[in-house]
Amino acid sequence: MNFSGMGLWGFLVLVADIWAIVSTVQSSATTGKKVLWILLIAFLPVLGFVLWLFLGPRGR
């Protein structure tokens, strides 16, 4: 098995999750919704990001 690309994928997931968290904090959603989205993204990095991408809070 070749695991040389695994570090790159992990880094890309980390960057995407940080972007999602920052965007969530800057959104106009209520504090409770922000906390729930941040927890979802933090504990389920890939699934949380995909869900946030389609269902998460938008705008400021």
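Residues numbered from 1 in each chain as written. Predicted model: local features only at pLDDT ≥ 70, side-chain atom pairs only at ≥ 80, totals over all residues. Heavy atoms only, no water.

Some thoughts on the overall build of the protein
Along its length, the protein carries 3 helices and 0 strands. When the helices and strands of the protein are read in sequence order from the N terminus, they spell out α-α-α. Every one of the 60 residues in the protein was classed for burial, and the buried ones make up 23%. Nonlocal contacts in the protein, meaning residues at least 24 apart in sequence, comprise 51% of its contacts between residues at least 6 apart. Accessible surface for the protein amounts to roughly 4500 Å². Of this, 76% is attributable to carbon and sulfur atoms. (Helix = DSSP H or I, 4+ residues; strand = E, 2+ residues; numbered from the N terminus. Buried < 20%, exposed > 50% of the residue type's maximum accessible area, 1.4 Å probe, protein only. Contact = heavy atoms within 4.5 Å. Areas by Shrake-Rupley, 256 points an atom, 1.4 Å probe, with all protein chains shown as cover.)

Brief notes about the packing of helix H2 (residues 31–43) against helix H3 (residues 45–55)
For the pair H2 and H3, interaxial distance at closest approach is 5 Å and the crossing angle is 140°. With respect to H3, the axis of H2 lies oblique. Listed contacts from H3 to Trp37, Leu40, Ile41, Ala42 and Phe43 of H2 are Pro45, Gly48, Leu51, Trp52 and Leu55. By residue class, the composition of the contact of H2 with H3 is 9 nonpolar, 1 polar and no charged. (Axes fitted to C-alpha atoms, helices over the stretch in contact; angles between N-to-C directions. Parallel < 35°, antiparallel > 145°, perpendicular 65-115°, else oblique. Nonpolar A, V, L, I, M, F, W, Y, C, P; charged D, E, K, R; others polar.)

A short note on the side chain of Lys34
By the element assignment, Lys34 lies in helix H2. Within the buried core, Lys34 has no salt-bridge partner, and the shortest N-O distance to an opposite charge, that of Asp17, equals 18 Å. Contacts of Lys34, omitting those with residues within four sequence positions, involve Thr24, Val25, Ser27 and Ala29. (Lys, Arg positive; Asp, Glu negative; His and termini not counted. Salt bridge = Lys/Arg side-chain N within 4 Å of Asp/Glu carboxyl O.)

Notes on H3
Side chains three or four residues apart in an α-helix point the same way, a direct result of the helix having 3.6 residues per turn. Here H3 has its buried residues at Gly48, Phe49 and Trp52. The buried residues of H3 occupy an angular sector of 100° when the element is viewed end-on, so they sit on one face. With respect to the buried face of H3, the exposed residues turned more than 90 degrees away are Val46, Phe54 and Leu55. (Arc of directions from axis to C-beta.)

Some remarks on the environment of Val25
Within the secondary structure layout, Val25 lies in helix H1 (residues 6–26). Linking Val25 and Val35, residues 10 residues apart in sequence, is a C-alpha distance of 8.7 Å. Apart from the residues lying within four places of it in its own chain, the contact partners of Val25 are Lys34 and Ile38.

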